[in-house]
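Structural features, examined
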Amino acid sequence: QVQLVESGGGLVQAGGSLRLSCAASGIRPSVYTMGWYRQAPGKQRELVAVITSGSSTNYADSVKGRFTISRDNAKNTVYLQMNSLKPDDTSVYYCNAKIPWRPSSDSWGRGTQVTVSS
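Residues numbered from 1 in each chain as written. Predicted model: local features only at pLDDT ≥ 70, side-chain atom pairs only at ≥ 80, totals over all residues. Heavy atoms only, no water.

1. Quick look at unusual backbone geometry
Worth spelling out the cut-off: In this description a helix means any DSSP run of H or I spanning at least four residues, a strand means any run of E spanning at least two, and both kinds are numbered starting from the N terminus. With a 1.4 Å probe rolled over the protein chains alone, any residue whose accessible area is under 20% of its type maximum counts as buried; one over 50% counts as exposed, and the rest are partly exposed.
Non-glycine residue Ser-55 carries a positive phi angle of around 70°. Residue position: Ser-55 is located in the loop between β5 (46-51) and β6 (57-59). Given a relative accessible area of 43%, Ser-55 falls into the partly exposed group. One non-glycine residue, Ser-84, lies in positive phi territory at about 50°. Positionally, Ser-84 belongs in the loop between β8 (77-82) and β9 (91-99).

Have a look at this one:
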């Protein structure tokens, strides 16, 4: 059974930085793509960044150049380094794990709140 536990959220001023962590259990890093998504009140959940088992990355246009996703397969942990934060980045951030060719493998953490004050 896959379990994902996010940490590192909090309140930060605009221009500041945070690093989110997602500790995963029950997955094989060699096959799972990991990602971060976010959902603000009244909005749909959106992709922030993903990293494949081969460490290829993809980012939403709104965070390119500011956020960096990385993974430590030995620790089964994925990170999201967020710099130059803006009030629009305020959301609940969710960790996701999935095997790309197996839709039933889609798994989510419970989320961590990030609030950026102006």
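2. A closer look at the side chain of Arg-38
Cut-off, in case you're wondering: Here a polar contact is recorded for every N or O atom pair within 3.5 Å, except that within protein the pair must consist of a potential hydrogen donor and a potential acceptor, and residues adjacent in sequence are included only if both atoms are side-chain atoms.
Among the secondary structure elements, Arg-38 is positioned in strand β4 (residues 33-39). For Arg-38, a relative accessible area of 5% corresponds to the buried category. At a separation of 2.7 Å, a polar atom in the side chain of Arg-38 contacts the side chain of Glu-46. One polar contact links Arg-38 to Tyr-93, side chain to side chain, over a distance of 2.9 Å.

3. Looking at the environment of Gln-13
Tracing the chain through its elements places Gln-13 in strand β2 (residues 10-13). Measuring from C-alpha to C-alpha, the distance between Gln-13 and Ser-117 comes to 4.8 Å, with 104 residues separating the pair along the chain.

4. Observations concerning the pattern of salt bridges
Here is the rule we go by: Salt bridges are counted wherever a side-chain nitrogen of Lys or Arg sits within 4 Å of a carboxyl oxygen of Asp or Glu.
Enumeration over the complete set of coordinates arrives at 4 salt bridges. Here Glu-46 and Arg-38 are joined by a salt bridge, their closest N and O atoms 2.7 Å apart. In this structure, Asp-89 and Arg-38 form a salt bridge, with 3.0 Å as the shortest nitrogen-oxygen distance. With Asp-89 in the loop between β8 and β9 and Arg-38 in strand β4, the pair connects residues that are 51 residues apart, well separated along the chain. Connected through salt bridges with shared partners, the residues Arg-38, Glu-46, Arg-66 and Asp-89 form a single ionic network.

5. What to know about empty space enclosed by the protein
For clarity, the threshold we go by: Each cavity reported here is a set of points on a 1 Å grid over the protein atoms alone in which a 1.4 Å probe fits but cannot get out, each pocket an open set with protein on both sides within 12 Å along at least five of seven lines, and each lining residue one with an atom within 4 Å of a point. Grid points are joined across faces, edges and corners, and a volume is the space filled by probe spheres set on the points. Throughout this entry, Asp, Glu, Lys and Arg are counted as charged residues, while Ala, Val, Leu, Ile, Met, Phe, Trp, Tyr, Cys and Pro are counted as nonpolar. The remaining residues, Gly among them, count as polar.
One pass over the full model with this rule turns up 1 cavity of 30 Å³ or more. Its volume calculated, the largest cavity comes out at about 40 Å³. If you go around the largest cavity, the residues you meet are Ile-27, Met-34, Arg-71, Asp-72, Asn-73, Asn-76, Thr-77 and Val-78. Residues of the lining of the largest cavity, tallied by class, amount to 3 nonpolar, 3 polar and 2 charged.

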